[in-house]
Amino acid sequence: MSAPSTHAAPDDAVHSHGDTHGHGSRRGYLIGFGLSAILTAIPFWLVMTGVLQNRQATVLIVVGLAIVQILVHTVAFLHVNTKAENGWTLMAMVFTGVLVAITICGSLWIMYHLNGNMMPMDAGAM
Amino acid sequence: MSTATYDPDTFHLAEAEDHDHAHGMGGTLLGFWIYLMSDALIFATLFAVYGVLSTSYAGGPAPRDIFELPLVAVNTAILLVSSITYGFAMLAMEGSRLNATRGWLVVTALCGIGFVSVEMYEFASLVAEGAGPTRSAFLSGFFALVGTHGLHVTIGIVWIGVMLVQLGQRGLHVENRKRLQCLSMFWHFLDVIWIGVFTFVYLLGVMR
């Protein structure tokens, strides 16, 4: 870093980059943190105390809250939005999301049926 | 750029000519983001493997028998706090406050070390009670998935250490800012993966 005049321009550039990347404000981080603390506490509370007698409902709520929390982290901490990098970060994330869904759901689906067909006793599933 | 001496400003100006501003930091951040997405696919595969094997106990212990949710809750809280402390480090960086940036990075690294320590303790006690990765396919999948995440966090801690040295030597120049932004994405990404781990492995595991 030499004379102030020489790095005034890069500093401006950094700040303008900062804007296009949508770095969070203190408020944004705190809101994100508060939301994810709540979204973490609720599923742990549900499972550890077993307040909901219905297992199915508990599973659905826990999974639903996890999806919401992932979205909160993506927006509040990873700053993914439609403007960052001309929307390419969002595009890449949506594409990855599709691949992740195919990988996980596809594997579970195929292996479930494979397991079903491997059962020697379960002739009905064949 | 013709001179051999290192000058971050020149470097950045040269980049600014080549790239539109909207691409940001010469595409480094987008490139790192693409790496993170490929990392997400690794974790997707490990999640899929765990999902397929998660009921193959081989007569061994089930999740309900071995997972300690209070320990997992503590670990989750530690990682969540480390996310906001890294956020504060980024805010300090944007305000060009070097010492605050380094301070928050140290706090983040300490949280990370706490997280990995608790995880090592958990792994050690699992192995000690005969629930190691060789016990059943379920446990192999569990150790592979959670262990890979823990390894990532460990690498993140090492990276924070490297950045502390870099900041000490060169301060908050353009390239260090770029590196800190990449590390920020890496760290928050690991937190996102952990949401999947504590939900699908631990919480849904003990309900099975």
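Residues numbered from 1 in each chain as written. Chains lettered and ligands numbered in written order. Predicted model: local features only at pLDDT ≥ 70, side-chain atom pairs only at ≥ 80, totals over all residues. Heavy atoms only, no water.

Q: What should I look at first to understand the overall build of chain B in this one?
A: A tally of helices and strands in chain B yields seven helices and zero strands. Mapped from its N terminus to its C terminus, chain B presents α and β elements in the order α-α-α-α-α-α-α. Here chain B, with 208 residues, has 56% of them falling under the buried criterion. Considering only intrachain contacts with a sequence separation of at least 6, the fraction spanning at least 24 residues in chain B is 78%. For chain B, the exposed surface amounts to about 8,100 Å²; the carbon and sulfur share of it is 66%. (Helix = DSSP H or I, 4+ residues; strand = E, 2+ residues; numbered from the N terminus. Buried < 20%, exposed > 50% of the residue type's maximum accessible area, 1.4 Å probe, protein only. Contact = heavy atoms within 4.5 Å. Areas by Shrake-Rupley, 256 points an atom, 1.4 Å probe, with all protein chains shown as cover.)

Q: What is the right way to read the nonpolar core from this model?
A: Most often, soluble globular proteins keep nonpolar side chains buried together rather than apart. Phe67, Phe142, Leu180, Trp194 and Tyr202 of chain B are the most contacted members of the largest nonpolar core, which has 73 residues in total. Elements represented by at least two residues in this core include exactly α2 (26–49) and α3 (55–76) of chain A together with α2 (28–53), α4 (69–94), α5 (98–128), α6 (137–170) and α7 (174–207) of chain B. Leaving out residues up to four positions away in the same chain, Trp194 of chain B has contacts with Val72, Asn75, Thr76, Leu79, Phe115, Glu119, Val146, His149 and Tyr202 of chain B. (Core = buried A, V, L, I, M, F, W, Y, C linked by side-chain atoms within 4.5 Å.)

Q: Just checking my understanding: could you explain the side chain of Gln69 of chain A for this structure?
A: Among the secondary structure elements, Gln69 of chain A is positioned in helix α3. Look at Gln69 of chain A and you get buried, because its relative accessible area is 1%. Engagement of the side chain of Gln69 of chain A in a polar contact is seen with the side chain of Thr40 of chain A, the distance being 2.9 Å. Not counting chain neighbours up to four residues away, the residues in contact with Gln69 of chain A comprise Ser36, Leu39 and Thr40 of chain A together with Leu80, Ile195 and Phe198 of chain B. (Polar contact = N/O pair within 3.5 Å; in protein donor to acceptor, adjacent residues only side chain to side chain.)

Q: Would you mind going over α2 of chain A with me for this structure?
A: Helical geometry: 3.6 residues make up each α-helical turn, so side chains three or four residues apart lie on a common side. Along its 24 residues, α2 of chain A runs 34 Å from first to last C-alpha, staying within 8% of the 34 Å computed at 1.5 Å per residue. Where α2 of chain A is concerned, the buried positions are Tyr29, Gly32, Ser36, Leu39, Thr40, Pro43, Phe44, Leu46 and Val47 of chain A. Contacts from the buried residues of α2 of chain A go to α3 of chain A together with α4 and α7 of chain B. Immediately downstream of α2 of chain A, the backbone of Gly50 of chain A shows phi near 60°, a positive value. (Expected span 1.5 Å × (residues − 1).)

Q: Hey, could you run me through α5 of chain B in this one?
A: Over its 31 residues, α5 of chain B extends 44 Å from the first C-alpha to the last, a length consistent with the 45 Å expected when each residue adds 1.5 Å. Where α5 of chain B ends, the next residue or the one after it, Gly130 of chain B, has phi of about 80°, a positive value.

Q: Could you clarify how one ought to interpret the packing of aromatic side chains in this entry?
A: Aromatic rings in a pair are described by how distant their centres are and how their planes are angled relative to each other. All names here are of chain B. One pass over the full model with this rule turns up 19 aromatic pairs over all chains. Aromatic pair Phe32 and Trp159: ring centres 5.6 Å apart, planes at 65°, arrangement edge-to-face. Of this pair, Phe32 sits in helix α2 while Trp159 sits in helix α6, placing them 127 residues apart in sequence. Note on Trp159: relative accessible area 22%, which makes it partly exposed. Centroid distance Trp194 to Tyr202: 6.1 Å. Interplanar angle 50°. Geometry classified as tilted. (Phe/Tyr/Trp six-rings, centres within 6.5 Å; stacked < 30°, edge-to-face > 60°.)

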